[in-house]
Amino acid sequence: MLKALLLTMLTLALVKSQDTEETITYTQCTDGYEWDPVRQQCKDIDECDIVPDACKGGMKCVNHYGGYLCLPKTAQIIVNNEQPQQETPAAEANSGATTGGVAASSMATSGVLPGGGFVASAAAVAGPEVQTGRNNFVIRRNPADLQRIPSNPAHRIQCAAGYEQSEHNVCQDIDECAAGTHNCRADQVCINLRGSFACQCPPGYQKRGDQCVDIDECTIPPYCHQRCVNTPGSFYCQCSPGFQLAANNYTCVDINECDASNQCAQQCYNILGSFICQCNQGYELSSDRLNCEDIDECRTSSYLCQYQCVNEPGKFSCMCPQGYQVVRSRTCQDINECETTNECREDEMCWNYHGGFRCYPRNPCQEPYILTSENRCVCPVSSAMCRDLPQSIVYKYMSIRSDRSVPSDIFQIQATTIYANTINTFRIKSGNENGEFYLRQTSPVSAMLVLVKSLSGPREYIVDLEMLTVNSIGTFRTSSVLRLTIIVGPFSF
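Every chain is numbered independently, its residues counted from 1 as its sequence is written. Confidence filtering applies because this is a predicted model: local features only for residues at pLDDT of at least 70, side-chain atom pairs given and counted only at 80 or more, and all residues used for totals across whole chains, interfaces and linings. To obtain the side-chain values, all non-hydrogen atoms of the structure were included, while hydrogens and water were left out.

## Thoughts on the sheet that holds strand β34 (residues 437-443)
Should DSSP find at least two bridges between two strands, the strands are taken to pair. Think of it this way: any DSSP run of H or I at least four residues long counts as a helix, any run of E at least two long counts as a strand, and we number them from the N terminus. Strand order in the open sheet made by the 3 strands is β32-β35-β34, with antiparallel pairing throughout. Sheet topology places β32 (408-414) and β34 at the edges, where each strand pairs with a single neighbour. Averaged over all pairs of adjacent strands, the angle between strand axes in this sheet comes to 25 degrees, irrespective of strand direction. Pairing of β34 with strand β35 (residues 446-451), which is carried by 6 bridges, proceeds in the antiparallel orientation. For S443, the partnering residue across the bridge sits in β35 and is S446. Simply put, an axis is a line fit to the C-alpha atoms, just over the touching stretch for a helix, and the angle between two N-to-C directions goes from 0 to 180 degrees.

In structure tokens, the structure reads:
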């Protein structure tokens, strides 16, 4: 009895040590065990499931920790609390196997089952009970009641946690997931394990603390070709307008709208991801970008014509104001009326300017000045009236366009007679009351008239430019005036 008790305690200690949860690695699992990454410990391998036809001769396979048993189909696993028998010699054990019993020597390594204190017994078809000896394997031959579980409580199975007794009196795994005895959260999936269970997140979710959070597949490969839409537990790919998903539901391919559904009124051109409609010359796309309308070229741009644009069906034409003519279809050019339709009198001279013409007297001199050459008036030295007047007045005419950019050099004045040992100075004597001009001396005998304010026409300016000449000792002083008539045209061309 003491020997049986010690054997039972040793068996319990062995099973308990196997069930103890401790941190080990897969390299520490012995034969008959494999690493369980969920429970983080070694778990028993069910050889009866993975080994094809594990038992021969009509024997049934019974799995246990680290191995398996091959027993007759009528064998039952029972608890043996009987008094230990005297050990049977190996020769007797072998001879017992020949009479239909189970030899203890062939099952000594497979006699301990989870839960502690187990031995195996096999009920054969007929014959007396045979005691195998040290391993306490008992063969019970009871043909009258082959499947009955022993009614004696001392002979009932004691299964380990996570197992329960089956109708065949063996310990079988409890499916906690099917029974609803697990403690997994509502957002977790119960996975049944041998002797236990595990709580895992459903596909598309990952565990973060105690919560199952959605995995954003759009941030990890494989990426969608164009757009990825994350959904709870999954994702799907989308394509931009003008594309469609290929058969792999990942790649986007272009849609040829011109072949599929040509909506253009005149010309259709397929482009990547879309299409464009084009119209014949003289027409433009309507607001729907499909139909064509006549082009109002004058409305599309203000630079088609230099002056005025006239729209016509399918084309346009340019017009110019009076005094100008159209050149190169779009540009306006001044008409020189002095050459085409001179309406000035014989005693007048015609002066053409941008956009028109003027008639000026051929003899602009006024008393006491006399005309000495074309447009040059000289005051005689012999006349007392000339003492305080400029020695000469020269009449010049020029035309500039309206809104000319400033500052701009427009006219140069230069001395025609140069005296030795003299100093020439230049100034605007009159006609610059609003400061439109500036006279810049460029050399001892010349100066440049600069336009400093933009002028708009039509308008006429008369500016007197004076050159004062003084000798180096101050005994000689004279002046001459250039009377410049500036006509600003009505347009900027």
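## Remarks on the state of the cysteines
Counting rule for disulfides: a pair of cysteine sulfur atoms within 2.5 Å. A full pass over the atoms with the stated rule returns 20 disulfides. Residue C29 pairs covalently with C42 via a disulfide, S to S 1.9 Å. Taking the torsion about the sulfur-sulfur bond, which here is approximately -95 degrees, the covalent link between C29 and C42 counts as left-handed. Here C29, found in the loop between α1 (2-19) and β1 (33-36), pairs with C42, found in strand β2 (residues 41-44); they are 13 residues apart in sequence, far enough to count as distant. Three labels apply to residues, based on accessible area from a 1.4 Å probe with only protein chains included: buried if under 20% of the type maximum, exposed if over 50%, partly exposed otherwise in between. Here C29 falls in the buried class, since its relative accessible area comes to 18%. Judged by its relative accessible area of 18%, C42 falls in the buried class.

## As for the environment of S301
Take S301: it is sitting in the loop between α6 (297-300) and β23 (308-312). A relative accessible area of 26% places S301 in the partly exposed class. Here a polar contact means two N or O atoms within 3.5 Å. Within protein one must be a hydrogen donor candidate and the other an acceptor candidate, and residues neighboring in sequence count only if both atoms are side-chain atoms. Among the polar contacts listed, one links the side chain of S301 to the backbone nitrogen of Y303, at a separation of 3.2 Å.

## Overview of the sheet that holds strand β36 (residues 459-471)
Read across the open sheet, the 6 strands follow the order β29-β30-β31-β37-β36-β33; overall the sheet is mixed. In the strand order of this sheet, the two ends are held by β29 (370-373) and β33 (422-430), each with one partner. Adjacent strand axes in the sheet meet at a mean angle of 30 degrees, parallel and antiparallel pairs treated alike. Sheet topology note: the strand β31 (residues 392-400)/strand β37 (residues 477-488) ladder contains 9 bridges and is parallel.

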